[in-house]
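# Secondary and tertiary structure notes
This is what each chain is made of:
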Amino acid sequence: MEERWKKTDIVENGAIAVVIIDDEATLKRFFYYREQNLVILKLENPKYRDIILTGEQLNQIRVIGRAVAFQSDVI
């Protein structure tokens, strides 16, 4: 499995972003709503709930980059 990403602290809504949450890096689909001061990190696995952050909670995350490729071998 190979992942490629581009370093940037700005990603478009719906892009898969490399995000630091509680000192852990993760890939999540990123949505930011400035008017509501809201970030939604959507998980691709429907078994898990999306991560919704507002207000001061936004200080808990840091966007590192945007995923530009994902490759996985199926055996």
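Residues numbered from 1 in each chain as written. Predicted model: local features only at pLDDT ≥ 70, side-chain atom pairs only at ≥ 80, totals over all residues. Heavy atoms only, no water.

Turning our eyes to something else, we now look at the side chain of T26. Relative to the helices and strands, T26 resides in strand β3 (residues 24-33). A polar contact of 2.6 Å, which involves the side chain of T26, links it to the side chain of K28. When sequence neighbours within four positions are dropped, the list of residues in contact with T26 reads A17, V18, V19 and I21. (Helix = DSSP H or I, 4+ residues; strand = E, 2+ residues; numbered from the N terminus. Polar contact = N/O pair within 3.5 Å; in protein donor to acceptor, adjacent residues only side chain to side chain. Contact = heavy atoms within 4.5 Å.)

Looking now at the pattern of salt bridges. Applying the stated criterion across every chain yields a total of two salt bridges. Measuring nitrogen to oxygen at the nearest pair gives 2.8 Å for the salt bridge that ties R29 to E44. With R29 in strand β3 and E44 in the loop between β4 (38-42) and β5 (51-54), this residue pair connects regions lying 15 residues apart in the sequence. Residue E44 is classed as exposed on the basis of its relative accessible area, which comes to 55%. Between D50 and K42 there is a salt bridge, and its shortest N-O distance comes to 2.7 Å. In this structure D50 comes out as partly exposed when scored by relative accessible area, which is 29%. On the basis of relative accessible area, K42 is assigned to the partly exposed category, the value being 33%. (Salt bridge = Lys/Arg side-chain N within 4 Å of Asp/Glu carboxyl O. Buried < 20%, exposed > 50% of the residue type's maximum accessible area, 1.4 Å probe, protein only.)

On to the nonpolar core, then. The nonpolar side chains of soluble globular proteins are, as a tendency, buried together. Grouped together as the largest cluster of nonpolar side chains are twelve residues: V11, A15, A17, V19, I21, F30, V39, L41, L53, L58, I61 and V63. Looking at this core, the elements with two or more residues in it are β2 (16-21), β4 and β6 (61-71). Excluding residues within four positions of it along the chain, V39 makes contact with F30, F31, Y32, I51, I52, L53, L58 and I61. (Core = buried A, V, L, I, M, F, W, Y, C linked by side-chain atoms within 4.5 Å.)

Here we take up the environment of D50. Relative to the elements of secondary structure, D50 occurs in the loop between β4 and β5. Once the C-alpha coordinates of D50 and R29 are considered, the two residues, 21 residues apart in sequence, prove to be 9.5 Å apart. Beyond its immediate stretch of four places on either side in the chain, D50 contacts I40, L41, K42 and L43. Within polar-contact distance, the side chain of D50 engages the side chain of K42 at 2.7 Å.

Attention shifts here to the pairing of β4. On a regular strand, each side chain points to the face opposite its neighbour's, so the side chains alternate between the two faces of the sheet. Judged by how many residues are buried, β4 sits mostly within the fold: four of five residues are covered. Relative to β4, β3 is paired through five bridges, and the arrangement is antiparallel. Of the residues in β4, the one forming a bridge with F30 is L41. Remark: four residues form the turn of the hairpin made by β3 and β4, two consecutive strands paired antiparallel; N37 in that turn has positive phi of roughly 55°. (Pairing = 2+ DSSP bridges.)

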